[in-house]
Amino acid sequence: MSRILHRSLATDPPLATRGDGIFLYGPDGRAIIDGSGGAAVACLGHGNARVNAAISAQLAKVAYVHTALFSNEAAEELADVLLADEPGGLSHAFFVSSGSEAFEAALKLARQYFLEIGQPQRTRVIARRQSYHGTTLGALAAGGNAMRRAPYLPMLSESFSHVSPCFSYRFQASDESDEQYVARLADELEAEFQRLGPENVVAFCAEPVVGATTGCVTALPGYFRRVREICDRHGALLILDEVMCGMGRTGTLHAWEQEGVSPDIEVIAKGLGGGYQPIGGILAGRRVIEGLRAGSGAFMHGQTYQAHPVACAAALAVQQVIAEDDLLANVRAMGERLATGLTERLGNHRHVGDIRGRGLFWAIELVADRASKVPFDPALKLHERIGAAAHERGLAIYPMGGTIDGARGNHICIAPPYNATADNIAAIVERLGDAVDAACRDLANV
Ligand SMILES: Cc1ncc(COP(=O)(O)O)c(C=O)c1O
């Protein structure tokens, strides 16, 4: 019996004892392709020698200092690497240990900014349904993942409200053009600002490419420009949560680069450290930092392990490898292969309704019927069946239910490492295709 409180008390997950490149190995030595880097985390695969060496070197120098007393070279250099050219006006970094903590920091920085500039009435945050911003109570309140929110609803702050996501496969009307759908969503966001009183809104939060909750959903062209314009008109901040889709996952270092907007605060994590150390962070825009500078001059938020030297050294090495090996070009090239491969293998599958994504961040959405897009009975947990069938075939992927509204719908996320090869991509497509076939076939016997 395991003494770990695993995600399920009913089953213990298999042990992974070793990782090498795209492969994970169990105690029996069997190789499993890590086709999703866990939850889109392991962006360099496993056992990268350069990252491991950087971690060892940092440990040999100093493992820990408290940020109230000292800064450290790794954190300083990481911030310089990320922000030296102030991408999109982002000028300062704040590093923590996870995406949830980073999102909490973003919320608090946004709120504090308005206190500092003399707008204390701004307390409301607008986010989107079918989003995920983390598991801590503030991030959960902001998030729109109904399934994850439900048990804690009475404990979630009422400062947060939600509008529709830009999810064209599910929610764009059949007689609605892309422009009309974007306009409808913009009108809805504008109406929410008006309902709350635009002068009361701190920020609008969104994932540029929605990650696990809906499965790699990209916004329609122009959507984020409309969102940015609405925030600007009302003086509110735009917080973009790139914990899953950022740091190169979609083919550019920041997913917002492909949307023609930049945020006031960007939230990053997973691909920042590639899983070599737990690390997340926020990148804050000059406007926000200058607001604090002109006011109290201090961010009223801190954690014991912020800017942790070993975590920052790992992330610095990960970012250097990505840049030195020109891995974003590989993300784009292999992303095209993955898209083509998935489309050829599963594009006509009677139970695959949609194949979507960007860069090396792709998902398939399962449907009982393609024409009506009716999902499978959630009780069948088709995503878990596909996950298990893939595992049997030596492929680890990221399955999820509740795609449509937190209860209905199933999808599978695929997020190979940025250094994946064409052979890796072909193997992922083949094994995933076989797993989908097998799981759907088995449903007939349920
Ligand atoms: C978009 C997004 N934001 C925040 C989080 C929370 O990150 P963490 O699980 O590291 O706390 C996640 C995790 O999946 C995420 O995908």
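This text goes with the structure placed above it.
As the structure is a prediction and not an experimental result, all values here were calculated from the model.

Draft legend 1. The arrangement of the overall build of the protein in detail. Along the protein, the regular secondary structure elements total 15 helices and 17 strands. The C-alpha atoms of the protein give a radius of gyration of 21 Å, which matches the 22 Å a tight globule of 446 residues would have. Overall, the protein is about 65 × 60 × 45 Å in size when its C-alpha atoms are taken along their principal axes. Counting over 446 residues, the protein shows a buried share of 56%. In the protein, the proportion of contacts linking residues at least 24 apart, taken out of those at least 6 apart, comes to 72%. Carbon and sulfur atoms provide 53% of the accessible area of the protein, an area that totals close to 18600 Å².

Draft legend 2. Highlighting the site of the ligand. Within the structure, the ligand sits among Ser98, Gly99, Ser100, Tyr132, His133, Gly134, Glu207, Asp241, Val243, Met244 and Lys270. Contact between the ligand and Gly99: an oxygen atom at 2.8 Å from a main-chain N or O atom of the residue. Measuring from an oxygen atom of the ligand, one finds a side-chain N or O atom of Lys270 at 2.9 Å. Burial of the ligand by the protein amounts to 83% of the accessible area it has alone, namely 390 Å².

Draft legend 3. Looking closely at the sheet that holds strand E17 (residues 410-414). Read from one edge of the open sheet, four strands run E13-E14-E17-E16, paired in antiparallel fashion. The sheet is open, and its two borders are formed by strand E13 (352-358) and strand E16 (398-401), each paired with just one other strand. Within the sheet, the average angular offset between the axes of one strand and its neighbour, ignoring direction, is 20°. Here E16 runs beside E17; their pairing, made up of four bridges, is antiparallel. What sits directly across from Gly401, in E17, is Asn410. Its contacts with the sheet place helix H13 (residues 327-346) against E13, strand E14 (361-366) and E17, and it is angled at close to 15° to E14.

Draft legend 4. Spatial organisation of the pairing of strand E4 (residues 90-96). Most of E4 is tucked away, with five of its seven residues classed as buried. Relative to strand E12 (residues 280-285), E4 runs antiparallel, the two being bridged by six bridges. Along E12, the bridge assignment pairs His92 with Ala284.

Draft legend 5. Here's a closer look at the pattern of salt bridges. For the coordinates displayed, the defined rule picks out 23 salt bridges. Between Arg286 and Glu86 there is a salt bridge; the shortest N-O distance is 2.5 Å. With Arg286 in helix H11 (residues 286-294) and Glu86 in the loop between helix H3 (73-83) and E4, the pair connects residues that are 200 residues apart, well separated along the chain. With relative accessibility at 34%, the residue Arg286 sits in the partly exposed group.

Draft legend 6. Summary view of unusual backbone geometry. Unusually for a residue other than glycine, Glu86 sits at a positive phi of about 45°. Non-glycine residue Lys373 carries a positive phi angle of around 60°.

Draft legend 7. Geometry of the packing of aromatic side chains. Counted under the stated rule, the structure contains six aromatic pairs. Ring centres of Phe23 and Tyr25 lie 6.5 Å apart, and the angle between their planes is 45°; on these two criteria the pair is classed as tilted. The exposure class assigned to Tyr25 is buried, which follows from its relative accessible area of 16%. With 6.0 Å between their ring centres and 75° between their planes, Tyr64 and Tyr305 make a pair best called edge-to-face. Of this pair, Tyr64 sits in the loop between helix H2 (49-61) and H3 while Tyr305 sits in the loop between H11 and helix H12 (309-324), placing them 241 residues apart in sequence. Looking at Tyr64, the relative accessible area reads 32%, which means it is partly exposed. For the cation-ring pair, Arg122 lies above Phe114, with the distance from its terminal atom to the ring centre recorded as 4.7 Å. The aromatic ring of Tyr169 is capped on one face by Lys373, whose charged end is 4.3 Å from the ring centroid.

Draft legend 8. Just the sheet that holds strand E3 (residues 31-34), in detail. Strand order in this open sheet of four strands is E1-E2-E3-E15, and the pairing throughout is mixed. For this open sheet the edge positions go to strand E1 (18-20) and strand E15 (395-396), each flanked by a neighbour on one side alone. Inspection of the sheet shows E1 paired to strand E2 (residues 23-25) by three bridges, in the antiparallel sense. Each bridged residue has a counterpart across the sheet, and for Arg18 the counterpart in E2 is Tyr25.

Draft legend 9. A look at helix H4 (residues 99-116). The terminal C-alpha atoms of H4 lie 25 Å apart, and with 18 residues this matches the ideal 26 Å at 1.5 Å per residue to within 8%. Phi turns positive, to about 80°, at Gly118, one or two residues after H4.

Draft legend 10. Seen up close, the packing of H4 against H11. Two numbers describe how H4 lies on H11: the axes approach to 8 Å, and their chain directions differ by 50°. Accordingly, the angle class assigned to the pair H4 and H11 is oblique. Once H4 is placed against H11, the crossing between them reads as left-handed. Residue-level inspection shows Leu109, Gln112, Tyr113, Phe114 and Glu116 of H4 in contact with H11, the latter providing Arg287, Val288, Gly291 and Leu292. Class assignment of the residues belonging to the contact of H4 with H11 gives a composition of five nonpolar, two polar and two charged.

Conventions we followed
Residues numbered from 1 in each chain as written. Predicted model: local features only at pLDDT ≥ 70, side-chain atom pairs only at ≥ 80, totals over all residues. Heavy atoms only, no water. Helix = DSSP H or I, 4+ residues; strand = E, 2+ residues; numbered from the N terminus. Rg over C-alpha atoms; globule rule 2.2 N^0.38 Å. Buried < 20%, exposed > 50% of the residue type's maximum accessible area, 1.4 Å probe, protein only. Contact = heavy atoms within 4.5 Å. Areas by Shrake-Rupley, 256 points an atom, 1.4 Å probe, with all protein chains shown as cover. Near = heavy atom within 4 Å. Polar contact = N/O pair within 3.5 Å; in protein donor to acceptor, adjacent residues only side chain to side chain. Pairing = 2+ DSSP bridges. Axes fitted to C-alpha atoms, helices over the stretch in contact; angles between N-to-C directions. Salt bridge = Lys/Arg side-chain N within 4 Å of Asp/Glu carboxyl O. Phe/Tyr/Trp six-rings, centres within 6.5 Å; stacked < 30°, edge-to-face > 60°. Lys NZ or Arg CZ within 6 Å of the ring centre and 35° of its normal. Expected span 1.5 Å × (residues − 1). Parallel < 35°, antiparallel > 145°, perpendicular 65-115°, else oblique. Left-handed = near helix turned anticlockwise from the far one by under 90°. Nonpolar A, V, L, I, M, F, W, Y, C, P; charged D, E, K, R; others polar.

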